[in-house]
Amino acid sequence: MYFHVLTLFPDMITQGVHTSILARAMERGLISLEAVNIRDYTLNKHGRVDDYPYGGGAGMLMQAQPIYDAWASIRDRVPEGTRVLHMTPQGRTFDQKMAQELAQEEHLILLCGHYEGIDERVLEEIVTDEISVGDYVLTGGELPAMIVIDAVSRMIPGVLSNTESPETDSFMNGLLEYPQYSRPEEWHGKKVPPILLSGDHAKVDAWRLEQSLERTRQRRPELYEAYMLEHPPKPPKRRRRRHTGSGAEEAREDV
Ligand code: 4GS
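Residues numbered from 1 in each chain as written. Predicted model: local features only at pLDDT ≥ 70, side-chain atom pairs only at ≥ 80, totals over all residues. Heavy atoms only, no water.

Chemist: Account for the environment of Pro10, naming residues and giving values.
Modeler: Looking at the element boundaries, Pro10 is found in helix H1 (residues 10–17). A C-alpha to C-alpha distance of 5.9 Å links Pro10 and Asn37, two positions 27 residues apart in sequence. Beyond its immediate chain neighbours, meaning those up to four positions away, Pro10 contacts Ala35 and Asn37. (Helix = DSSP H or I, 4+ residues; strand = E, 2+ residues; numbered from the N terminus. Contact = heavy atoms within 4.5 Å.)

Okay, here's the thing in structure tokens:
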């Protein structure tokens, strides 16, 4: 998968992604990252990429031209219709489902804003998706872009090893993760829940699901509601009735 990032701070992106699991994924050729410096595309002789907003108001705006030309420099090297994600608090809130969906793409272009914002006209021309990482204001879109790259990359087959499998992650099943324990068996007087030492995998699984459900109910009631709608508790088995009268009557009773 190819990530192309349009930014005024390319070093921030490349430094951030060149570590740990993502660095390994890049070495293996599973993901590839290109940070395009928007400033390289300004036609202004002083290298300016920002200007005052029409109508007044605080702060500066990123101008349309350098962003458009930076995007055009990528356009010819990616399939037509490649999605352009603008990182902005005005966007749809990023979640695990979006990460999985975006991991199906072969190329993604991420646009990072700075200052007070970006001239609306260039957004209208190139942006396909507006994405927010949460309801707070940052100084730039670089950290949000890195969040998207990280969450999408780990959904790509082979990026995580088997022991880092995403199947048991929080949210993969719509629930928060159960509590986990490693050695030693007792630490600061706290013992590992005995069921985890029992070797009974069915019991361990049942305990973990129960813990996940309880945590989700307490901490994220809206996720819990959604999960319960998707996984309605099985109704208690009704005793089989003896055959009386016509079959049609019997069938209707079961509706
Ligand atoms: C976010 C956010 C953000 C907004 C960029 C002010 C600079 C800044 N981007 N999710 N201008 N939250 N962007 O705060 O994505």
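Chemist: Requested: an account of the sheet that holds strand S6 (residues 107–112), with residues and values cited.
Modeler: Here five strands make up an open sheet; going across it, the order is S2-S1-S6-S5-S8 and the pairing parallel. The sheet is open, and its two borders are formed by strand S2 (32–37) and strand S8 (129–132), each paired with just one other strand. For this sheet, the mean inter-axis angle between neighbouring strands, taken without regard to orientation, is 35°. Sheet topology note: the strand S5 (residues 84–93)/S8 ladder contains five bridges and is parallel. Within S8, the residue paired with Thr93 across the bridge is Ser132. Packing of H1 onto the sheet brings it into contact with strand S1 (2–7) and S2, and relative to S2 it is tilted by some 165°. (Pairing = 2+ DSSP bridges. Axes fitted to C-alpha atoms, helices over the stretch in contact; angles between N-to-C directions.)

Chemist: Requested: an account of the nonpolar core, with residues and values cited.
Modeler: Side chains that are nonpolar tend, in soluble globular proteins, to be buried together. Within the largest apolar cluster, 31 residues are counted, with the highest numbers of intra-cluster contacts made by Phe3, Phe94, Leu110, Val148 and Val152. Those elements that provide at least two residues to this core are S1, H1, helix H2 (20–27), S5, helix H4 (96–102), S6 and helix H6 (142–153). In this view, Phe3 contacts Ile31, Ser32, Leu33, Glu34, Leu108, Leu110, Ile149, Val152 and Ser153; residues no more than four positions away in its chain are not counted. Counting 19 residues, the second largest nonpolar core, distinct from the first, contains Ile38, Val49, Val122 and Val127. (Core = buried A, V, L, I, M, F, W, Y, C linked by side-chain atoms within 4.5 Å. Buried < 20%, exposed > 50% of the residue type's maximum accessible area, 1.4 Å probe, protein only.)

Chemist: I'd like to hear about the pattern of salt bridges, residue by residue, with values.
Modeler: Inspection of the entire model under this criterion finds eleven salt bridges. One salt bridge connects Asp50 with Arg48, and the closest N-O pair in it is separated by 3.8 Å. For Asp50, a relative accessible area of 14% corresponds to the buried category. The closest approach of N and O atoms between Asp76 and Arg75, which form a salt bridge, is 3.7 Å. (Salt bridge = Lys/Arg side-chain N within 4 Å of Asp/Glu carboxyl O.)

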